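In case you want the letters, here they are:
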Amino acid sequence: MPNDPQSMLLAPAAVYLVLFLAVVITALRPPRSLGAAERLGLVELFLLGVACQCLHMLEEFLTGLHLVYPPLFGLAPLSGEFFVTFNVAAIALWVLAAAGILRGMSAAYFPVWFLALACCLNLVFHPLLSLYTGGYFPGLLTSPLVGLMGILITRRLFQLTDPAHDRTFAEP
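(A) Local environment of the side chain of Gln53. Of note, Gln53 is situated in helix H3 (residues 36-62). If sequence neighbours within four positions are ignored, Gln53 has contacts with Trp94, Leu115, Cys119, Asn122 and Val146.

Shown next, in the form of structure tokens:
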């Protein structure tokens, strides 16, 4: 199935919103000075979240999310190849982010925030689409699992980061 460029650009529109929010939060909440044990704890939780997201992506693929989601918005279905490539690229970035967190790189928090927020969105998104379509919607079964991981990772990120204004405008 050839991919329609409009579908390839617009079908992941919810991802763009999550990307934007992750950029903003990453900028507003830089990581505190963390020890190796705190970074390792975050990476362990994050990689568990990545594993859950992989399971979720597998459910979505096997049940045809790429075929049924775009038509809900008047778009052509996406090919399985596009869906898999898009998701494998995300997984690769998350693995690189884990290595960056371990090395203390602040920029590596952006993909972690993105995964956390995307997982939280899945907790709401799939059940709502199931209600809208009147039955099972691809990804529904694993959405509570990734949603829980999103909540746990978000909570940990809030514990390990500080609002930027606290550093910039701190009193002497």
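(B) Region of interest: the packing of aromatic side chains. Inspection of every chain in the model, using the stated rule, returns six aromatic pairs. Between the aromatic rings of Phe61 and Phe83, the centroid separation amounts to 6.1 Å while the plane-to-plane angle is 15°, which identifies the pairing as stacked. A residue pair is termed long-range when its members are at least 10 positions apart, and Phe61 in helix H3 and Phe83 in helix H5 (residues 80-102) qualify at 22 residues. On the basis of an interplanar angle of 70° and a centroid distance of 5.4 Å, the ring pair of Tyr69 and Phe125 is categorised as edge-to-face. Here Tyr69, found in the loop between helix H4 (65-68) and H5, pairs with Phe125, found in helix H6 (residues 109-133); they are 56 residues apart in sequence, far enough to count as distant. Members of the aromatic cluster, each reached through a chain of ring pairs, are Tyr69, Phe73 and Phe125.

(C) Expanded view of H3. If you check H3, its first and last C-alpha atoms are 38 Å apart, about what 27 residues at 1.5 Å a residue would give, namely 39 Å. Immediately downstream of H3, the backbone of Gly64 shows phi near 85°, a positive value.

(D) Just the environment of Pro163, in detail. Residue position: Pro163 is located in the loop between helix H7 (143-160) and helix H8 (164-168). If sequence neighbours within four positions are ignored, Pro163 has contacts with Leu28, Arg29 and Pro30.

(E) Broad picture of the packing of H5 against H6. Between H5 and H6, whose axes approach to 8 Å, the crossing angle comes to 130°. Taken together, the axes of H5 and H6 lie oblique to each other. The crossing of H5 and H6 is left-handed. Contact residues: H5 offers Trp94, Ala97 and Ile101, while H6 offers Tyr109, Pro111, Val112, Phe114 and Leu115. Across the contact of H5 with H6, the residue classes tally to eight nonpolar, no polar and no charged.

The rules behind these values
Residues numbered from 1 in each chain as written. Predicted model: local features only at pLDDT ≥ 70, side-chain atom pairs only at ≥ 80, totals over all residues. Heavy atoms only, no water. Helix = DSSP H or I, 4+ residues; strand = E, 2+ residues; numbered from the N terminus. Contact = heavy atoms within 4.5 Å. Phe/Tyr/Trp six-rings, centres within 6.5 Å; stacked < 30°, edge-to-face > 60°. Expected span 1.5 Å × (residues − 1). Axes fitted to C-alpha atoms, helices over the stretch in contact; angles between N-to-C directions. Parallel < 35°, antiparallel > 145°, perpendicular 65-115°, else oblique. Left-handed = near helix turned anticlockwise from the far one by under 90°. Nonpolar A, V, L, I, M, F, W, Y, C, P; charged D, E, K, R; others polar.

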